[in-house]
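Understanding the architecture of this molecule
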Amino acid sequence: MSDGLQVHDVVVRYGTGPDAVTAVDHVDLDVPAGEVVALLGPSGCGKSSLLRAVAGLEPVAAGDVAWDGVSVARTPVHRRGFGLMFQDGQLFGHLDVGANVAYGLPRGRGARPARDARVAQLLDLVGLPGLQRRDVATLSGGQRQRVALARALAPRPRLLLLDEPLSALDRTLRERLALDLRDVLVATGTTALLVTHDQDEAFAVADRIAVMDAGRLLQVAAPAQLWARPADRRTAQLLGYEAFLGALDADAPAVRALAAHVPHPGVVALAAGAFVVVPDQDTTAGPAGDVHVQRSRRGRTEVVVDVPGVGRVTALAPSAWSAAPGTRVALRVDPAGVAVLPAGS
Ligand SMILES: Nc1ncnc2c1ncn2[C@@H]1O[C@H](COP(=O)(O)OP(=O)(O)OP(=O)(O)O)[C@@H](O)[C@H]1O
């Protein structure tokens, strides 16, 4: 049996009889010691239920949760040695920052110096050095989550469970904190299971991503491998692939350009950006499409184009570029936005 967390054939069910909801449907997942795994999936797919079952906050209707091969199914939450961090941090308002971080550390005679040292070390690690005496009510949302992370890590949990830890923050802060979170988890060698619906967050934080849908795991893989080789169409859709080509129309120039990047037969999946607009290029010489609508998103120009042989897809364009609807534009393929799914997907 491997080191770390083993989730074996776990079922989580709410209610009984005809109204029962199966939130987690026979899931197997290992998180080896030292690894960070993200559970990624749409709202309601069962991510939190699985995390809560691992924590012991939700009973398993079937299957087992084990650590280093030893079942913890009958071990109460506080005896599992797992740390928890939630979306809203859940800091204690009546305690200052230092006391919040120290909360899970040993108390009593003689423990104080070690506790203070550990709190200082953790606050340094999460980028809040010297903030021990601050009232938590005066912290920003991002600072609160940093304190919550320090508090969860302070007792050196053998597994850290994070439920949407950054979702309450705005996008810019979330992106920065996701990178910081990864750094902190790696620096502390923490084994972690992170629930998120945000693909960017999963890709930024995790060593491996487990894609979940309707209570089941669809695929577990390292981020780059997941992006390049989604297991099936649903997984690809959840990752943001927007168009799927089964039979390739070899007469279409865009399809010929795509075929150069297709290493084996299968369904070709295209993400936004699989095509890139090439301004001022002859539209009869290679792949081209007709502009449907154009929009600006996070400083980039996205153009929805109708591409013969392919269909309607989102292409990227240079930021200052623009074209009226109906304009035919030349395109090139960016292989980073193209994946090939198994035939029949
Ligand atoms: N306490 C509960 N009682 C009944 N049904 C529940 C309960 N908690 C969750 N569910 C149901 O179980 C399913 C999975 O919910 P869960 O919260 O695990 O999903 P999730 O992927 O974490 O969603 P979100 O990202 O929206 O939090 C949903 O259909 C949900 O309505």
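Residues numbered from 1 in each chain as written. Predicted model: local features only at pLDDT ≥ 70, side-chain atom pairs only at ≥ 80, totals over all residues.

A closer look at helix α1 (residues 47-55)
In an α-helix there are 3.6 residues to a turn, and that puts residues three or four apart on one side. What counts here: Backbone-placed C-beta atoms define the burial measure: a residue is buried with 20 or more other C-beta atoms within 10 Å of its own, exposed with 12 or fewer, and partly exposed in between. Note on conventions: DSSP H or I runs of at least 4 residues are helices, E runs of at least 2 residues are strands, and numbering of each starts at the N terminus.
Among the nine residues that make up α1, eight are buried, leaving the element largely enclosed by the rest of the structure. Residues of α1 that are buried: Lys47, Ser48, Ser49, Leu50, Leu51, Arg52, Ala53 and Val54. Within two residues after α1, glycine 56 carries a phi angle of roughly 95°, on the positive side.

Quick word on the sheet that holds strand β11 (residues 241-245)
The cut-off we apply is this: In this analysis, strands are considered paired if DSSP registers two or more bridges between them. Here the axes come from fitting lines to C-alpha atoms, over the contacting stretch only for helices, and the angles between their N-to-C directions go from 0 to 180 degrees.
Reading across from one edge, β11-β12-β18 is the order of the three strands in this open sheet, with antiparallel pairing throughout. Strand pairing shows two members of the sheet lacking a second neighbour, β11 and β18 (338-341), which therefore form its edges. For this sheet, the mean angle separating the axes of adjacent strands, direction not counted, is 30°. Note that β11 and strand β12 (residues 267-271) share four bridges and pair antiparallel. Among the inter-strand pairings, leucine 245 is bridged to a residue of β12, identified as valine 268.

Describing the nonpolar core
Our working definition: Joined through C-beta atoms within 7 Å, a set of buried Ala, Val, Leu, Ile, Met, Phe, Trp, Tyr and Cys residues constitutes a nonpolar core. The domain limits used here are those given by an automatic or database domain assignment. In this description, a residue-residue contact is defined by the distance between C-beta atoms placed from the backbone, which must lie within 7 Å.
In this structure, Ala38, Leu39, Leu193, Leu194 and Ala210 are the most contacted members of the largest nonpolar core, which totals 103 residues. Looking at this core element by element, the count peaks at six residues for helix α4 (residues 141-153). In this structure, this core is formed jointly by two domains, domain 1 (4-228) and domain 2 (240-341), each of which donates at least three residues. When residues no more than four places from it in sequence are discounted, the contact partners of leucine 193 are Leu5, Val31, Val37, Leu39, Leu51, Val54, Leu159 and Leu161.

Details of the sheet that holds strand β10 (residues 216-221)
Read across the sheet, six strands follow the order β6-β7-β8-β3-β9-β10 without closing on themselves; strand pairing throughout is mixed. Pairing within the sheet leaves two strands with one partner each, and these edge strands are β6 (82-85) and β10. The average undirected angle you get between the axes of adjacent strands in this sheet is 20°. Here strand β3 (residues 36-40) runs beside strand β8 (residues 192-196); their pairing, made up of five bridges, is parallel. Residue pairing across strands places leucine 40 opposite threonine 196, the latter belonging to β8. Together, β6 and β7 (159-163) form the strand contacts of α4, whose direction differs from that of β6 by roughly 170°.

A word on the site of the ligand
To be explicit about the condition: Here, nearness means that the C-beta atom of a residue, built from backbone geometry, sits within 6 Å of the molecule or strand in question. By the convention adopted, Pro, Cys, Tyr, Trp, Phe, Met, Ile, Leu, Val and Ala count as nonpolar, Lys, Arg, Asp and Glu as charged, and the other residues, Gly among them, as polar.
Taken together, Tyr14, Val21, Ala23, Gly41, Ser43, Gly44, Cys45, Gly46, Lys47, Ser48, Ser49 and His197 make up all the residues around the ligand. Ranked by the residues each element gives to the shell around the ligand, the list is headed by α1, at three residues. Partitioned by chemical class, the residues of the shell around the ligand number four nonpolar, seven polar and one charged.

Overview of the pairing of strand β16 (residues 311-317)
It is a general feature of regular strands that their side chains alternate between the two faces of the sheet. Most of β16 sits out of view: five of its seven residues are buried. Where strand β15 (residues 300-307) and β16 come together, seven bridges link them in antiparallel fashion. By the bridge assignment, valine 303 is partnered in β16 with alanine 315. The hairpin formed by β15 and β16 contains three residues between the paired strands, and glycine 309 there has a positive phi angle of roughly 85°.

Observations regarding helix α3 (residues 112-125)
Selection criterion: Expected helix span is given by 1.5 Å per residue-to-residue step, counting one fewer step than there are residues. Arc definition: it is the arc formed by the directions from the helix axis to the C-beta atoms.
Taking 1.5 Å per residue as the helical rise, α3 with its 14 residues ought to reach 20 Å, and the 20 Å between its terminal C-alpha atoms agrees with that figure. Arg118, Val119, Leu122 and Leu123 are the residues of α3 that are buried. Down the axis of α3, the smallest arc covering the buried residues is 130°, so these residues share one side. In α3, the exposed positions angled more than 90 degrees off the buried face are occupied by Pro113, Ala114, Ala117 and Asp124. Buried-residue contacts for α3 involve α2 (97-102) and α4. Positive phi appears at glycine 127, one or two residues downstream of α3, with a value of about 80°.

A closer look at the domain arrangement of the chain
Along its sequence, the chain is carved into domain 1 (4-228) and domain 2 (240-341). Measuring from the centre of the C-alpha atoms in domain 1 to the corresponding centre in domain 2 gives 39 Å.

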